[in-house]
Amino acid sequence: MSWTMIGSSGTESARERALRTLYAEQAGPLYAYVVRLLGGDGYRAEDVVQETLLRCWRTQDLNAGQPLRPWLFRVARNLVIDDYRLRMTRPQEVSGMAWLDDLVISPDDVDWLLSSLLLREAFRQLSPKHREVLYETYYSGRSTREAGQLLGIPPGTVKSRTYHAVRALRLAMGVVESADDEVGEKPEWAYPSAA
């Protein structure tokens, strides 16, 4: 992918510089993420990245200094989902990606697949201590006391690490926390037997 300004007179505004910086910092990781979501389709990935960066340029304050990566990844994921749903409502196109359509039966499966990929990537960014606490409390279903005994740390440390790990996951996934969110409660996805 290359960057050119058509019709540029050689002088660029602060907004154009901010867009160039955004592109330089975010386009590579965003492209790699979208290519994975699309099963290796580089051409469609370029379109999604371009649309995502354009939406960011139109709607976000590029000079605010806030991290834009979670927002960008969320928008790109939504664009991939929307494109998939649109393709499912139209007659089947002939492409080399037909095997992907066979793997994914319904749009809900796509949502689940993309969410799990995003969660896995966010989970990898956590420290090992945070990962092990989340594994023991959410995945294994252990109480704070049981997880603390197993890991050899006090229950208060388990609670603290769990709180900070969940917040870090939410930030990495672009989930906006509201005042009503309670970190102490386990979400429905945390219970493997829940159907």
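Bear in mind the structure is a predicted one, so any value in this text is a computation, not a measurement.

Rules behind the numbers
- Residues numbered from 1 in each chain as written.
- Predicted model: local features only at pLDDT ≥ 70, side-chain atom pairs only at ≥ 80, totals over all residues.
- Heavy atoms only, no water.
- Helix = DSSP H or I, 4+ residues; strand = E, 2+ residues; numbered from the N terminus.
- Buried < 20%, exposed > 50% of the residue type's maximum accessible area, 1.4 Å probe, protein only.
- Contact = heavy atoms within 4.5 Å.
- Core = buried A, V, L, I, M, F, W, Y, C linked by side-chain atoms within 4.5 Å.
- Salt bridge = Lys/Arg side-chain N within 4 Å of Asp/Glu carboxyl O.
- Axes fitted to C-alpha atoms, helices over the stretch in contact; angles between N-to-C directions.
- Parallel < 35°, antiparallel > 145°, perpendicular 65-115°, else oblique.
- Nonpolar A, V, L, I, M, F, W, Y, C, P; charged D, E, K, R; others polar.
- pLDDT = per-residue confidence, 0-100.
- Expected span 1.5 Å × (residues − 1).
- Bend = angle between axes of the 7 residues up to and from the residue.

*Asks:* Would you mind showing me how to read the side chain of Thr162 here?
*Replies:* Within the secondary structure, Thr162 is located in helix α8 (residues 155-173). Residue Thr162 is classed as buried on the basis of its relative accessible area of 12%. Leave out the neighbours within four places in its chain, and Thr162 touches Val133, Leu134, Thr137 and Tyr138.

*Asks:* Would you mind showing me how to read the nonpolar core here?
*Replies:* Across soluble globular proteins, nonpolar side chains have a tendency to be buried as a group. Core analysis: the biggest nonpolar cluster contains 33 residues, and Leu30, Val34, Leu53 and Leu72 have the highest contact counts within it. Residue assignment for this core shows that the elements contributing at least two residues are α1 (14-37), α2 (42-59), α3 (69-89), α5 (107-124), α6 (128-139) and α8. Here this core takes 9 residues from α1, the largest share from any one element. Residues in contact with Leu53, not counting those within four places in the same chain, are Leu19, Leu22, Tyr23, Ala27, Leu30 and Leu72.

*Asks:* What exactly am I supposed to notice about the pattern of salt bridges here?
*Replies:* A side chain with one charge may pair with a side chain of the opposite charge, provided their charged atoms come close. Evaluation of the coordinates by the stated rule reveals 4 salt bridges. In this structure, Arg55 and Glu51 form a salt bridge, with 2.8 Å as the shortest nitrogen-oxygen distance. Residue Arg55 and its partner Glu51 are located together in helix α2, separated by 4 residues, close to a single helical turn. Residue classification places Arg55 among the partly exposed residues on the basis of a relative accessible area of 36%. Among the residues examined, Glu51 registers a relative accessible area of 27% and is labelled partly exposed. Here Arg142 ties to Glu136 by a salt bridge, and the two come within 2.4 Å at their closest N and O atoms. One network of salt bridges, with partners in common, ties together Asp41, Arg44 and Asp83.

*Asks:* Can you help me understand the packing of α6 against α8 in this one?
*Replies:* Any two packed helices are characterised by the angle at which their axes cross and by the distance between the axes. The interhelical angle for the contact between α6 and α8, taken along N-to-C directions, is 100 degrees, at an axis separation of 9 Å. What the angle tells us is that α6 and α8 run roughly perpendicular. Residues Lys129, His130, Glu132, Val133, Leu134, Thr137 and Tyr138 of α6 form the contact with α8, whose participating residues are Val158, Arg161, Thr162, His164, Ala165, Val166 and Leu169. Looking at side-chain class alone, the contact of α6 with α8 contains 7 nonpolar, 4 polar and 3 charged residues.

*Asks:* Help me out: how do you make sense of the confidence of the model for the protein in this one?
*Replies:* Detailed reading of the predicted coordinates is not advisable wherever pLDDT falls low. When pLDDT is averaged along the protein, the result is 75; 69% of the residues meet or exceed 70. The secondary structure element of the protein with the lowest average pLDDT is helix α4 (residues 98-103), at 53, and the one with the highest is helix α7 (residues 144-151), at 88. Long-range and interchain partners of residues 2-7, a stretch whose pLDDT sits below 50, account for 6 contacts in this model, where long-range means more than four residues apart. Taken as a whole, residues 189-195 scores under 50 in pLDDT and shows 4 contacts with residues more than four places along the chain or in a different chain.

*Asks:* How should I be thinking about α1 in this particular structure?
*Replies:* Taking 1.5 Å of rise per residue, the 24 residues of α1 would be expected to cover 34 Å, and the 33 Å separating its terminal C-alpha atoms lies within 8% of that figure. Of all the bends in α1, the greatest, near 45 degrees, is centred on Gln26, and the proline Pro29 appears no more than four residues after it. Directly after α1, the chain includes Gly39, whose backbone phi takes a positive value near 65 degrees.

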